[in-house]
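Letter by letter, the chains look like this.
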Amino acid sequence: MMHAWTGTGTAILAACLAVAASPAQAQTRPTALENAAPAGLDSEHLFGFVEGSDIGVPGELELETEITGRIGRRGGRFQAFDGGLVLKIPLDPSVRVAPGIGFHRYAVAGMPDLADRRSGGLTGAFVETRLRLLDRREAPFGLTLNLVPSVGRIEAGSGLPAESYGLDSALLADWEIVPGRLVAAVNLGLSLAATRLDGSGERLRGSGFELAGALAYEARPGLFLGAEARYAEAYEGLGLDRLAGRAVYVGPTLYTTLSPHAWLSLAWNVQVAGEAADEPRPLDLTNFDRHQTRLRIGVSF
């Protein structure tokens, strides 16, 4: 199952990148400005793991699918793929709700604290709510509050069956350095998670903090290339109680329009620095992954 999953994903990425690279398509593909609201480009997914402050246009729905890959942990072979399918519904120019479902697939072998296994299925459900605080078209920069409560049936770090509850919150800021061409974004995030493992009944509580920034430049109409950097910390306890580890990620990003109503974004981040608590070796491959990838595809209607 894992080989089929990754093979299909690779084929999709290759096809999409081929479309992005085609000179003929470059002559006919609408620009990001033409595909967005009349007020300007839609910055939400111009980057990768970093997100812009836009929330869409009232009256226009968007269906989005996302696959995040997490690969490489210390002590063995670890691959995790977290996916989601979400319907984004702007209620007015300042508020959007987006209900969604999540799915997962894990492949674990040789890990010291986890049994070898392949597993996958439905993860749970979530509702993303966005409140735009500042519109960059009227203010010096855009600013949006993003809240995502979730409930699930796995423990995210290991993929073990569990009863889990989470809350991800973030402030998303962005501004157009060169209007319509060069866009910057900064995200400040806080996450909380409470989990009870099936069988043993063990209770796990954790929290995390992340600061991230990104740039995206329109290399040609409809194609934005960029880079992002992220600093993340993981804690034991719901109140950022005891530092478990920290990591720094950097990597390239790509965003391209596929049609007037469809787009794709792709990011690959590599951990370049980090440390785990009570672990002398470089990088934190206990709480974080060596590589993280994210593919998103959206269709508006």
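Going by the structure above, here's the rest.
Because the structure is predicted, anything quoted here is derived from the model rather than measured.

Novice: Describe the pattern of salt bridges, naming the residues involved and giving the relevant values.
Specialist: Scanning the entire structure with this criterion turns up 29 salt bridges. Across the pair Asp54 and Arg137 runs a salt bridge whose closest N-O atoms are separated by 3.3 Å. Within this pair, whereas Asp54 is found in the loop between helix H3 (32–35) and strand E1 (62–73), its partner Arg137 is found in the loop between strand E4 (117–134) and strand E5 (142–154), the two being separated by 83 residues in sequence. Asp54 sits in the buried class, given a relative accessible area of 3%. Its relative accessible area of 31% is what places Arg137 among the partly exposed residues. Put simply, Glu44, Glu51, Glu64, Glu66, Lys88, Arg96, Glu128, Arg130, Arg294 and Arg296 are held in one network by salt bridges that share partners.

Novice: Break down the packing of aromatic side chains for me, citing the residues and quoting the values.
Specialist: Under the counting rule described, the total for this entry stands at three aromatic pairs. Here Phe78 and Tyr106 contribute two aromatic rings whose centre-to-centre distance is 6.1 Å and whose plane-to-plane angle is 70 degrees, an arrangement assigned as edge-to-face. A residue pair is termed long-range when its members are at least 10 positions apart, and Phe78 in strand E2 (residues 76–92) and Tyr106 in strand E3 (residues 95–109) qualify at 28 residues. Taking relative accessible area as the criterion, Tyr106 reaches 0% and is therefore assigned buried. Considering the side-chain rings of Phe224 and Tyr255, the 6.3 Å spacing of their centres and the 70 degrees angle between planes classify their relative orientation as edge-to-face. Pair noted here: Phe224 is in strand E9 (residues 223–236) and Tyr255 is in strand E10 (residues 242–259), with a separation of 31 residues, a long-range link. For Tyr255, a relative accessible area of 9% corresponds to the buried category.

Novice: Before we move on, can you summarise the side chain of Arg230 with the specific residues and values?
Specialist: Its location among the elements puts Arg230 in strand E9. A polar contact of 3.2 Å, which involves the side chain of Arg230, links it to the side chain of Glu210. For Arg230, the side chain forms a polar contact with the side chain of Asn269, separated by 2.8 Å. In this structure Arg230 touches Phe49, Glu210, Leu211, Ala212, Ala247, Val248, Tyr249, Asn269 and Gln292, once residues within four positions along its chain are discounted.

Novice: For a nonpolar patch on the surface, give the residues involved together with the corresponding values.
Specialist: Together, Leu131, Leu133, Leu134, Phe141, Leu171, Trp175, Ile177, Val178, Val186, Leu188, Leu211 and Leu215 make up a nonpolar patch on the protein surface, roughly 930 Å² of accessible area in all. When residues of the nonpolar patch are traced back to their parent elements, those giving at least two are E4, strand E6 (161–178), strand E7 (182–197) and strand E8 (203–220). For the nonpolar patch, the element with the most residues is E6, which contributes four residues. Secondary-structure assignment places Leu211 in strand E8. Taking relative accessible area as the criterion, Leu211 reaches 41% and is therefore assigned partly exposed.

Cut-off values and rules
- Residues numbered from 1 in each chain as written.
- Predicted model: local features only at pLDDT ≥ 70, side-chain atom pairs only at ≥ 80, totals over all residues.
- Heavy atoms only, no water.
- Salt bridge = Lys/Arg side-chain N within 4 Å of Asp/Glu carboxyl O.
- Helix = DSSP H or I, 4+ residues; strand = E, 2+ residues; numbered from the N terminus.
- Buried < 20%, exposed > 50% of the residue type's maximum accessible area, 1.4 Å probe, protein only.
- Phe/Tyr/Trp six-rings, centres within 6.5 Å; stacked < 30°, edge-to-face > 60°.
- Polar contact = N/O pair within 3.5 Å; in protein donor to acceptor, adjacent residues only side chain to side chain.
- Contact = heavy atoms within 4.5 Å.
- Patch = residues over 30% accessible without salt bridge, like charges linked within 9 Å, V, L, I, M, F, W, Y side chains within 5 Å.
- Areas by Shrake-Rupley, 256 points an atom, 1.4 Å probe, with all protein chains shown as cover.

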